[in-house]
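Geometric and topological summary
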Amino acid sequence: MHVMVLGAGVTGVTTAWYLVNAGFDVSVVERRPAAGLETTFANGGQISISHPEPWSSPSAPLEALRALGRADAPLRWRLSRDPAQWRWLLAFLRECLPQRHRRNAHAIASLAAYSGQCLHALRDETGIAYEQQLRGILHLFRTGREQARAHGKAEFLAAHGIRGRLCSADECLAIEPALARHRLQLAGGFYAPDDESGNALLFTQALAERCRAAGVRFYHDTTIRRLIADGGLIEGIEVADGTGRAGRLAAGAYVVCLGSHGAPLLAPLGLRLPVYPLKGYSVTAPLIDAEAAPVVSLTDESRRIVCSRLGSALRVAGTAELNGFDTSVAPERCAPLSRWLADMFPGVADTTHAQLWAGLRPATPGNVPLIGKGRGVNLWLNTGHGSLGWTLACGSASSLAALMSGRAPPVSGFPFLRPPR
Ligand SMILES: Cc1cc2nc3c(=O)[nH]c(=O)nc-3n(C[C@H](O)[C@H](O)[C@H](O)COP(=O)(O)OP(=O)(O)OC[C@H]3O[C@@H](n4cnc5c(N)ncnc54)[C@H](O)[C@@H]3O)c2cc1C
């Protein structure tokens, strides 16, 4: 069967890869001239299997209220009249209930653990390189309260086969000696040795090349204007090329991997995807002193900032803004990231020549992606990966390929969208 994957971010390209390997004839449609140029472009780089807890947590509403009016707050919201934003916000509040938070964390953890295995297998099979660092992720706690919140985390992760342990401040410095440059008051940390980091853009573009070699056709500079449906059947997509010339493409089945832009495109079909953009920022600064730069990926829990070594640069990412589809880069939102880098690793990276970037996390209210059968006969979904799209990409795509092949999904405990029996 011919399957058309809509969107060539990390989700769309991994979907194409697992589908072509499952024997499907695959095309990918993408408005940009190359793969990975939107949210995948400059994300935090973490393969964060050990951090399945969604942002919709019992403490999130209070944190959001505290952030009101602070320009440098990690969380920010600018309420609009868009009903989709209000629907999403209400659903987000519902997902903050303790039992929903727990359920979502379990679902994400089971998919994340499987996704890690898929990434290893894919890397072994293809040999692709993407500035990966296989040295784990170290979560830093600045207060005893933060550390206390992590009690029980190791047991929770172990139930999903994920390794991680609490560690003292001294152990943190032993795991990442570059931290010693800063007179950081650390209460302790949590180290997950099997986590990784890497450049999602390089990965996506290298995998797109492998897809091409395996027979996948890429339609770049091709914007999808609408899906053409007859009852429950998608008959094709109306597209425009780079010059604005309209055309039509058709296949036997369609997979939506359009990041935050899937929801508005599916709305005219009566399908309300609970996916809304959560804007984030990153700062990528070239190294001045490579020897003194960290190689272990870091998560600063109190600042909600992550840091990854990507080749000859350090990338720092964070912040979450509910601000519609705006992707402009606000310097005042990048400033706390640059400051963090200069403060944590003084003299190590050149923040004056850093690349500043903003992207839209395609977030569901509970951060649990939508994977499986969409409404109708031939519409499938692999979208809504929010803050963990790079971490979950391989496992999500492999699971979708299994579902589309009529096989049982390889992950138990995840709420895949199944076709009605
Ligand atoms: C600041 C920040 C830091 C992050 N850090 C991490 C991290 O450390 N680890 C992690 O796991 N995740 C992280 N994420 C999340 C991760 O980057 C995303 O979840 C992931 O990139 C989503 O991939 P995607 O393929 O679904 O979306 P995208 O990469 O946005 O891909 C969607 C594609 O669809 C195309 N498209 C959209 N509309 C149309 C149309 N009408 N016609 C044709 N093409 C269209 C777009 O051009 C785009 O290429 C971070 C995100 C941000 C913003």
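Criteria and thresholds
- Residues numbered from 1 in each chain as written.
- Predicted model: local features only at pLDDT ≥ 70, side-chain atom pairs only at ≥ 80, totals over all residues.
- Heavy atoms only, no water.
- Helix = DSSP H or I, 4+ residues; strand = E, 2+ residues; numbered from the N terminus.
- Buried < 20%, exposed > 50% of the residue type's maximum accessible area, 1.4 Å probe, protein only.
- Lys, Arg positive; Asp, Glu negative; His and termini not counted.
- Salt bridge = Lys/Arg side-chain N within 4 Å of Asp/Glu carboxyl O.
- Polar contact = N/O pair within 3.5 Å; in protein donor to acceptor, adjacent residues only side chain to side chain.
- Contact = heavy atoms within 4.5 Å.
- Near = heavy atom within 4 Å.
- Areas by Shrake-Rupley, 256 points an atom, 1.4 Å probe, with all protein chains shown as cover.
- Nonpolar A, V, L, I, M, F, W, Y, C, P; charged D, E, K, R; others polar.
- Core = buried A, V, L, I, M, F, W, Y, C linked by side-chain atoms within 4.5 Å.
- Phe/Tyr/Trp six-rings, centres within 6.5 Å; stacked < 30°, edge-to-face > 60°.
- Axes fitted to C-alpha atoms, helices over the stretch in contact; angles between N-to-C directions.
- Parallel < 35°, antiparallel > 145°, perpendicular 65-115°, else oblique.
- Left-handed = near helix turned anticlockwise from the far one by under 90°.
- Pairing = 2+ DSSP bridges.

Let us now look at the side chain of Glu176. Note on placement: Glu176 falls in the loop between helix H7 (169-175) and strand E7 (188-192). At 6.8 Å, Arg135 is the nearest oppositely charged side chain to Glu176, a buried residue that forms no salt bridge. Side-chain polar atoms of Glu176 contact the backbone nitrogen of Ala178, separated by 2.9 Å. Those residues in contact with Glu176 that lie beyond four places of it in its chain are Leu138, Pro294, Val295, Val296 and Leu298.

Take the site of the ligand next. For the ligand, the set of nearby residues contains 34 residues, the closest of which are Glu30, Thr40, Gln46, Gly386 and Thr391. At 2.8 Å, a backbone N or O of Gly386 approaches an oxygen atom of the ligand. At a separation of 3.1 Å, an oxygen atom of the ligand approaches a polar backbone atom of Trp390. Protein chains shield 97% of the accessible area of the ligand, which is 1,000 Å² for the free molecule. Taken together, the elements giving at least two residues each to the shell around the ligand come down to helix H1 (10-21), strand E10 (223-230), strand E14 (276-286), strand E18 (355-363) and helix H11 (389-404). The element best represented in the shell around the ligand is E18, accounting for four residues. Within the shell around the ligand, the residues separate by chemical class into ten nonpolar, 19 polar and five charged.

Attention now goes to the nonpolar core. With 62 residues, the main nonpolar core has Leu19, Phe203 and Met404 as its most contacted residues. By residue number, the principal contributor to this core is helix H4 (residues 98-126), which donates eleven residues. In contact with Met404, other than residues within four places in its own chain, are Val3, Leu19, Phe24, Ala253, Val255 and Trp380.

Further remarks concern the packing of aromatic side chains. The relation between two aromatic rings is expressed through the spacing of the ring centres and the mutual angle of the planes. Counting across every chain of the model gives eight aromatic pairs. Here Trp88 and Tyr276 contribute two aromatic rings whose centre-to-centre distance is 6.5 Å and whose plane-to-plane angle is 40°, an arrangement assigned as tilted. Pair noted here: Trp88 is in helix H3 (residues 83-95) and Tyr276 is in strand E14, with a separation of 188 residues, a long-range link. The interplanar angle of 75° and the centroid separation of 6.2 Å between the aromatic rings of Trp340 and Phe345 together place this pair among those described as edge-to-face. Residue Trp340 is classed as buried on the basis of its relative accessible area of 5%. We classify Phe345 as buried; its relative accessible area is 1%.

At their nearest, the axes of H1 and helix H8 (residues 200-213) sit 9 Å apart, and the two run at 30° to each other. The pairing of H1 with H8 is recorded here as roughly parallel in orientation. H8 is crossed by H1, and the crossing has left-handed handedness. When H1 is examined against H8, the residues Val10, Val13, Thr14, Ala16 and Trp17 are found in contact with a partner set consisting of Phe203, Thr204, Leu207, Ala208, Arg210 and Cys211. For the contact of H1 with H8, the per-class residue count stands at eight nonpolar, two polar and one charged.

Below, the discussion takes up the pattern of salt bridges. A side chain with one charge may pair with a side chain of the opposite charge, provided their charged atoms come close. Enumeration over the complete set of coordinates arrives at 16 salt bridges. Where Glu196 meets Arg123, a salt bridge forms, and the shortest distance between an N and an O atom there is 2.8 Å. Residue Glu196 is located in strand E8 (residues 196-197), and its partner Arg123 is located in helix H4; the two are separated by 73 residues in the primary sequence. Where Arg245 meets Asp241, a salt bridge forms, and the shortest distance between an N and an O atom there is 3.1 Å. The exposed category is assigned to Arg245, whose relative accessible area is 60%. Each of Arg31, Arg32 and Glu38 takes part in salt bridges that share partners, so that together they form one network.

Quick look at the sheet that holds strand E12 (residues 246-249) now. To summarise the sheet geometry, strands pair through backbone hydrogen bonds and adopt either a parallel or an antiparallel arrangement. Taking strand neighbours across the sheet as the criterion, the three strands line up as E10-E11-E12 in an open arrangement whose pairing is antiparallel. Unpaired on one side and paired on the other, E10 and E12 mark the two borders of the sheet. Taken pair by pair, the neighbouring strands of this sheet meet at an average axis angle of 30°, ignoring direction. In the sheet, strand E11 (residues 233-240) pairs with E12 via four bridges, with the strands oriented antiparallel. In the sheet register, Ile237 faces E12, and the bridge partner there is Leu249.

Turning next to the pairing of strand E1 (residues 2-6). Of all five residues in E1, five are buried; the element is thus mostly enclosed. Burial along E1 is two-sided: His2, Met4 and Leu6 and Val3 and Val5, pointing in opposite directions, are all buried. Where E1 lies against strand E2 (residues 25-29), five bridges are found, and the strand directions are parallel. Residue pairing across strands places Met4 opposite Ser27, the latter belonging to E2. In this sheet, strand E13 (residues 253-256) lies alongside E1 in parallel orientation, the contact comprising four bridges. Across the sheet, residue Val3 finds its bridge partner in E13, namely Ala253.

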